[in-house]
Amino acid sequence: KDRSDTAWNLSQYERIHEGMKEEFEIEDRFEHIEFKLNLIQQNAKFFLEVLHAQKTNSLEWIIIVLISFECSLMCLEMSGLGGTFFQAILP
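Asks: What am I meant to see in the overall build of the protein chain here?
Replies: Secondary structure assignment for the protein chain yields four helices and zero strands. Going from the N terminus to the C terminus, the protein chain shows its helices and strands as α-α-α-α. Along the first, second and third principal axes, the C-alpha set of the protein chain runs to 100 × 20 × 20 Å. Counting the 91 residues in the protein chain, one finds 4% classified as buried. Accessible surface for the protein chain amounts to roughly 8500 Å². Of this, 64% is attributable to carbon and sulfur atoms. Each charge class in the protein chain was averaged separately, 8 positive and 15 negative side chains, and the resulting centres sit 7 Å apart.

Shown next, in the form of C-alpha cells:
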C-alpha cells in the first residue's frame, strides 16, 4: 500500500505509480484479499473449536464409563460376591 522505492527516490515516477495503482485497483484487491483471509481464519477457528468440543465430549464419556465400571466392581466387592467373581475371571 506504500509507494515503491522507485517512487520515493524519483518523484517523476510517483504519478505513474499512483496511476498504476488506480488502473489495477490494487487497494480494492487488497481489501478483498484481506476480507477473504479473515473469513478463512474465522472458519478455521470455528472448526477447531468444534473438534475440541468433540474430543472433550469423548473424554467425558470415557471417564463416565470408567467410573461406572469402578462403582460396579466396588458393589461386587461389598456384596461379598467379588471374591468368587474375580476367581472365575482370573485363573
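Anyway, onward from the coordinates.
Asks: Looking at this structure, I do not really get the pattern of salt bridges. What am I missing?
Replies: Oppositely charged side chains can pair when the atoms bearing their charge come close. A full pass over the atoms with the stated rule returns one salt bridge. Where Glu-27 meets Lys-21, a salt bridge forms, and the shortest distance between an N and an O atom there is 3.6 Å. Judged by its relative accessible area of 17%, Lys-21 is buried.

Asks: Explanation requested: the confidence of the model for the protein chain in the structure shown.
Replies: If pLDDT is low for a region, its predicted coordinates should not be looked at in detail. Residues with a pLDDT of 70 or more make up 90% of the protein chain, whose mean pLDDT is 87. Predicted confidence in the protein chain is weakest over helix α1 (residues 5-9), with a mean pLDDT of 66, and strongest over helix α3 (residues 26-79), with 95.

Asks: How should I be thinking about a nonpolar patch on the surface in this particular structure?
Replies: Where nonpolar side chains cluster on the molecular surface, the patch consists of Leu-10, Tyr-13, Ile-16, Met-20 and Phe-24 and spans about 470 Å² of accessible area. Mapped onto the fold, Met-20 is located in helix α2 (residues 14-23). What makes Met-20 partly exposed here is its relative accessible area of 45%.

Asks: When you look at unusual backbone geometry in this model, what are you seeing that I'm missing?
Replies: Leaving glycine out, the prevailing phi sign among residues is negative, and the prevailing peptide bond configuration is trans. A positive phi angle, near 50 degrees, is found at Glu-25, a position not held by glycine. Looking at the element boundaries, Glu-25 is found in the loop between α2 and α3. On the basis of relative accessible area, Glu-25 is assigned to the partly exposed category, the value being 44%.

Asks: How do you make sense of a negative patch on the surface when you look at a structure like this?
Replies: Together, Glu-23, Glu-25, Asp-28, Glu-31 and Glu-34 line one region of the surface with negative charge. Counting residues per element, the negative patch draws most heavily on α3, at three residues. Relative to the elements of secondary structure, Asp-28 occurs in helix α3. Overall, the relative accessible area of 41% leaves Asp-28 in the partly exposed class.

The rules behind each value
- Residues numbered from 1 in each chain as written.
- Predicted model: local features only at pLDDT ≥ 70, side-chain atom pairs only at ≥ 80, totals over all residues.
- Heavy atoms only, no water.
- Helix = DSSP H or I, 4+ residues; strand = E, 2+ residues; numbered from the N terminus.
- Buried < 20%, exposed > 50% of the residue type's maximum accessible area, 1.4 Å probe, protein only.
- Areas by Shrake-Rupley, 256 points an atom, 1.4 Å probe, with all protein chains shown as cover.
- Lys, Arg positive; Asp, Glu negative; His and termini not counted.
- Charge placed at Lys NZ, Arg CZ, Asp CG, Glu CD.
- Salt bridge = Lys/Arg side-chain N within 4 Å of Asp/Glu carboxyl O.
- pLDDT = per-residue confidence, 0-100.
- Patch = residues over 30% accessible without salt bridge, like charges linked within 9 Å, V, L, I, M, F, W, Y side chains within 5 Å.

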